[in-house]
Amino acid sequence: MQNKASTVVVLGTGGTIAGTAASDADNVGYTAGQIGVASLIHAVPALVGQALEAEQVAQLDSKDMDHATWQRLAQRVAFHLQRPDVAGIVITHGTDTLEETAYFLHRVLAPTKPVVLTAAMRPSTSLLADGPQNLLDAVGVARHAQARGVLAVLGGAVHRAADVRKHHSYGLDGFNSGDAGVVAWVEEGALRIVGAWPQGDALGLEAIARPSAEWPRVEILISHAGADGAIVPALVALGARGLVVAGTGNGTLHHTLHDALLDAQRGGVRVLRCTRCAEGAVVGQTDGALPSAGALSPVKARVELLLALLTAP
Ligand code: SIN
């Protein structure tokens with residue numbers, strides 16, 4: 001079943017999906033963000049003749065993603081979403097920070113139409129590139145009448161922005177949604193829906209209207225054996241207005257870090273505590289003095305804190 005609005009806009013931002021290597025056997029020694037998004041579409045025969053528009057928003061290795069690109073991307077996504085002829089948006093992205101961009105767009109736009117991020121673990125020149133199939137699947141999801149919200153489509157799985165996570169540094173099946181599970185599977189172009197579509201209210205573009213150079217500094221710390229709380233005042237002196245701390249296990253912290261973070265919080269710095277575990281949430285109020293980010297990963301908690309500071313009165 002498809003939407004009446006028929007156009008899918010594909011926004012390119014770079015990544016391995018647009019990467020090239022000198023040899024088709026090389027899946028690591030490549031340069032990300034080399035091929036334009038229009039060429040990525042033309043490389044997939046099943047997409048030729050479909051109602052697609054391509055727009056290059058950025059061309060970078062997503063390890064270098066920055067706030068200015070996030071701001072521009074959110075603006076372009078919002079622009080195309082309000083067009084009645086647009087069924088949905090696809091964003092080609094690098095795998096490395098895809099989950100952060102997805103969560104950022106989810107919190108800012110919470111769209112009713114589908115906004116589908118996709119990527120590849122292997123460059124476009126690879127003997128067995130995964131990008132073309134992921135792009136084809138993503139376009140199919142962006143056109144699907146029931147799909148909504150910010151999603152990530154990779155390896156035949158449809159993930160919610162809030163749950164998706166890159167869990168493998170190299171393997172083809174590099175993403176999962178932890179214990180939340182996926183929304184759907186893409187099977188030969190059809191969707192088998194097994195979960196709920198993303199929910200939540202949009203903060204709106206006005207939340208991120210300030211020039212990105214003025215966005216507050218929010219840093220991530222990790223609690224570990226031998227941790228030293230001295231890092232906290234150093235970051236505050238650098239101008240940090242928010243600190244996310246990835247705690248051990250259920251969000252517990254080395255006592256030196258805990259004390260230093262409490263001091264910073266008393267001084268007006270916002271602190272958010274999460275777990276450094278790959279799966280699970282901070283459960284209960286084990287440390288009511290330092291607020292918990294619940295099930296958010298450290299990088300998504302950082303987005304949450306950044307937006308909280310941007311929208312603070
Ligand atoms: C990137 O994130 O841009 C490079 C790595 C990848 O896409 O897999």
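All figures in this text were calculated on a predicted structure; none of them were measured in a lab.

Participant: Can you walk me through the packing of aromatic side chains in this structure?
Facilitator: For any pair of aromatic rings, geometry is given as the distance between the ring centres together with the angle between the planes. By the definition in use, this model includes two aromatic pairs. Ring geometry for tryptophan 70 and phenylalanine 104: centres 4.7 Å apart, planes at 20°, overall stacked. In this pair, tryptophan 70 sits in helix α2 (residues 67–81) while phenylalanine 104 sits in helix α3 (residues 98–109), placing the two residues 34 residues apart along the sequence. Their ring planes at 35° and their centres at 6.1 Å tell us that phenylalanine 104 and tryptophan 215 sit as a pair that is tilted. In this pair, phenylalanine 104 sits in helix α3 while tryptophan 215 sits in the loop between β10 (190–193) and β11 (217–222), placing the two residues 111 residues apart along the sequence. The class for phenylalanine 104 is buried, based on a relative accessible area of 0%. Since its relative accessible area comes to 6%, tryptophan 215 is described here as buried. Pairwise contacts between aromatic rings join Trp70, Phe104 and Trp215 into one cluster.

Participant: What am I meant to see in the site of the ligand here?
Facilitator: Every residue close to the ligand is listed here: Gly15, Thr16, Tyr30, Asp61, Ser62, Gly94, Thr95, Asp96 and Ala120. Between the ligand and serine 62, the relevant distance is 2.6 Å, taken from an oxygen atom to a side-chain nitrogen or oxygen of the residue. One of the side-chain nitrogen or oxygen atoms of threonine 95 is found 2.4 Å away from an oxygen atom of the ligand. Alone, the ligand offers 250 Å² of accessible surface; in the complex the protein occludes 95% of this. Of the residues contributing to the shell around the ligand, the split by class is two nonpolar, five polar and two charged.

Participant: Explain the nonpolar core to me, please; I cannot follow it from the model alone.
Facilitator: Across soluble globular proteins, you tend to see nonpolar side chains buried next to one another. Formed by 47 residues in total, the largest nonpolar core has its most connected members in Leu11, Val77, Ile89, Ile91, Phe104, Leu105 and Ile208. Here this core gathers at least three residues from each of two domains, domain 1 (7–193) and domain 2 (216–310). For isoleucine 91, the contacting residues outside a window of four places in its chain are Leu11, Thr13, Leu73, Val77, Leu105, Val115, Val116, Leu117 and Thr118. Of all hydrophobic cores here, the second largest spans 26 residues; its members include Val10, Ala147, Val153 and Val186.

Conventions and cut-offs
- Residues numbered from 1 in each chain as written.
- Predicted model: local features only at pLDDT ≥ 70, side-chain atom pairs only at ≥ 80, totals over all residues.
- Heavy atoms only, no water.
- Phe/Tyr/Trp six-rings, centres within 6.5 Å; stacked < 30°, edge-to-face > 60°.
- Helix = DSSP H or I, 4+ residues; strand = E, 2+ residues; numbered from the N terminus.
- Buried < 20%, exposed > 50% of the residue type's maximum accessible area, 1.4 Å probe, protein only.
- Near = heavy atom within 4 Å.
- Polar contact = N/O pair within 3.5 Å; in protein donor to acceptor, adjacent residues only side chain to side chain.
- Areas by Shrake-Rupley, 256 points an atom, 1.4 Å probe, with all protein chains shown as cover.
- Nonpolar A, V, L, I, M, F, W, Y, C, P; charged D, E, K, R; others polar.
- Core = buried A, V, L, I, M, F, W, Y, C linked by side-chain atoms within 4.5 Å.
- Domains from an automatic or database assignment.
- Contact = heavy atoms within 4.5 Å.

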